[in-house]
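Here's the letter readout for the chains.
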Amino acid sequence: MAQKLNLARIRALQTDAMENIESYMDPDTPKALEQFTAKMKAILLADPEILDSVPEYLPMALYGRVKFVPAAKLKWQQWLDKATAPSWDEFKTSVAFNNADLELVKAIRSHSEDQLIEACAVLFLLDGSGKISAKRRNGSESYNEDGDTAPDDAEDSYHSDDDNDGYGADDDSDEEGYDDQYDDIRFNGEKP
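Attention here is on the structure that accompanies the text. (Residues numbered from 1 in each chain as written. Predicted model: local features only at pLDDT ≥ 70, side-chain atom pairs only at ≥ 80, totals over all residues. Heavy atoms only, no water.)

Focus: the overall build of the protein chain
Phase 1 of the analysis: Regarding its fold elements, the protein chain presents 8 helices and 2 strands.
Phase 2 of the analysis: Counting over 192 residues, the protein chain shows a buried share of 35%.
Phase 3 of the analysis: Put simply, of all contacts in the protein chain between residues at least 6 apart along the chain, 71% involve residues at least 24 apart.
Phase 4 of the analysis: If you sum the accessible surface of the protein chain, you get close to 12300 Å²; carbon and sulfur atoms cover 47% of it. (Helix = DSSP H or I, 4+ residues; strand = E, 2+ residues; numbered from the N terminus. Buried < 20%, exposed > 50% of the residue type's maximum accessible area, 1.4 Å probe, protein only. Contact = heavy atoms within 4.5 Å. Areas by Shrake-Rupley, 256 points an atom, 1.4 Å probe, with all protein chains shown as cover.)

Written as structure tokens, this is what we have:
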């Protein structure tokens, strides 16, 4: 029987990793993320068991350094849609690791194959290649007799394409009590 992917955990790891990654993406210090991920790799290589308490470190350490084989992207999407973890044989042919990261990957695999697969699922989502269907996230997805998702299963990405969160720049100007005196405040180095 195929092992299940814990999609709630993967989504939480994705959020935690992305928040940390974004905090190091600063145009004033372009090497900050690279330096941070190098430190993460060194820490994980020295002690892979640290992942038991901070599992988001692995997707952060491998961010931007894992490629998903084009032919396997559909498989990754199916694994996420069905919340099914790939077998090791399926997994190892669906991702390409940077040669410089192979020592870390081997160390993590010897500690926990499941955490390595889970981290790659997070990276697949962070890469923008994949999405978890809305019904699957809510646990109410149904399957037809072939095991495929039902045709009426609507999918959406975690981040919408238009990034419209209801708080657009023009939406608040007509709100009662809105004061536009703060619209022109800039932080040091921020361009208008």
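Some thoughts on unusual backbone geometry
The phi angle of most residues is negative, glycine excepted, and most peptide bonds adopt the trans form.
Phase 1 of the analysis: In this model, Ala83 sits at a positive phi of 55°, which is unusual for a non-glycine residue.
Phase 2 of the analysis: Within the element layout of this structure, Ala83 appears in the loop between α4 (73–82) and α5 (88–92).

A word on empty space enclosed by the protein
Phase 1 of the analysis: For the structure shown, the criterion picks out 1 cavity of 30 Å³ or more.
Phase 2 of the analysis: Estimates place the volume of the largest cavity at around 30 Å³.
Phase 3 of the analysis: Lining the largest cavity are Leu13, Leu51, Pro55, Leu58, Pro59, Gln115, Glu118 and Ala119.
Phase 4 of the analysis: Elements supplying a minimum of two residues to the lining of the largest cavity: α3 (57–62) and α7 (113–126).
Phase 5 of the analysis: The biggest single contributor to the lining of the largest cavity is α7, with 3 residues.
Phase 6 of the analysis: Here the residues of the lining of the largest cavity sort into 6 nonpolar, 1 polar and 1 charged. (1 Å grid on protein atoms, 1.4 Å probe; cavity = no way out; pocket = protein on both sides within 12 Å on 5 of 7 lines; lining within 4 Å. Points joined across faces, edges and corners; volume = space filled by probe spheres on them. Nonpolar A, V, L, I, M, F, W, Y, C, P; charged D, E, K, R; others polar.)

Some words on the packing of aromatic side chains
Phase 1 of the analysis: Inspection of every chain in the model, using the stated rule, returns 8 aromatic pairs.
Phase 2 of the analysis: Connected via pairs of aromatic rings, a cluster forms that spans Phe68, Trp76, Trp79, Trp88, Phe91, Phe97 and Phe124. (Phe/Tyr/Trp six-rings, centres within 6.5 Å; stacked < 30°, edge-to-face > 60°.)

A look at the packing of helix α6 (residues 102–111) against α7
Phase 1 of the analysis: Across the interface, α6 lies against α7 with an axial gap of 5 Å and an inter-helix angle of 125°. Relative to α7, the element α6 is oriented oblique. Here α6 contributes Val105, Ile108, Arg109 and His111 to the contact with α7, which in turn contributes Glu113, Gln115 and Leu116.
Phase 2 of the analysis: A per-class count over the contact of α6 with α7 returns 3 nonpolar, 2 polar and 2 charged. (Axes fitted to C-alpha atoms, helices over the stretch in contact; angles between N-to-C directions. Parallel < 35°, antiparallel > 145°, perpendicular 65-115°, else oblique.)

Details of α6
Phase 1 of the analysis: Listed as buried for α6 are Leu104, Val105, Ala107 and Ile108. Buried residues of α6 fall within an arc of 165° about the axis and therefore sit on the same side. The exposed residues of α6 that point more than 90 degrees off its buried face are Glu103, Lys106 and Ser110. (Arc of directions from axis to C-beta.)

Focus on the nonpolar core
Phase 1 of the analysis: Ranked by internal contacts, the top residues of the largest apolar core, which has 41 residues, are Leu58, Trp76, Phe91, Val95, Phe97 and Leu116.
Phase 2 of the analysis: Here this core takes 10 residues from α7, the largest share from any one element.
Phase 3 of the analysis: Once residues lying within four places of it in the same chain are set aside, the contact partners of Val95 are Val66, Lys67, Phe68, Val69, Trp76 and Cys120. (Core = buried A, V, L, I, M, F, W, Y, C linked by side-chain atoms within 4.5 Å.)

So, the side chain of Thr37
Phase 1 of the analysis: You can see Thr37 is positioned in helix α2 (residues 32–46).
Phase 2 of the analysis: If we ignore the near neighbours within four places in the chain, the residues touching Thr37 are Met60 and Ala61.

Points about helix α1 (residues 7–23)
Phase 1 of the analysis: With 17 residues, α1 ought to run about 24 Å at 1.5 Å a step, and its terminal C-alpha atoms sit 24 Å apart, in line with that.
Phase 2 of the analysis: Leu7, Ile10, Arg11, Leu13, Gln14, Ala17, Met18 and Ile21 are the residues of α1 that are buried. Down the axis of α1, the smallest arc covering the buried residues is 160°, so these residues share one side. More than 90 degrees from the buried face of α1, the exposed residues found are Ala8, Glu19 and Ser23. (Expected span 1.5 Å × (residues − 1).)

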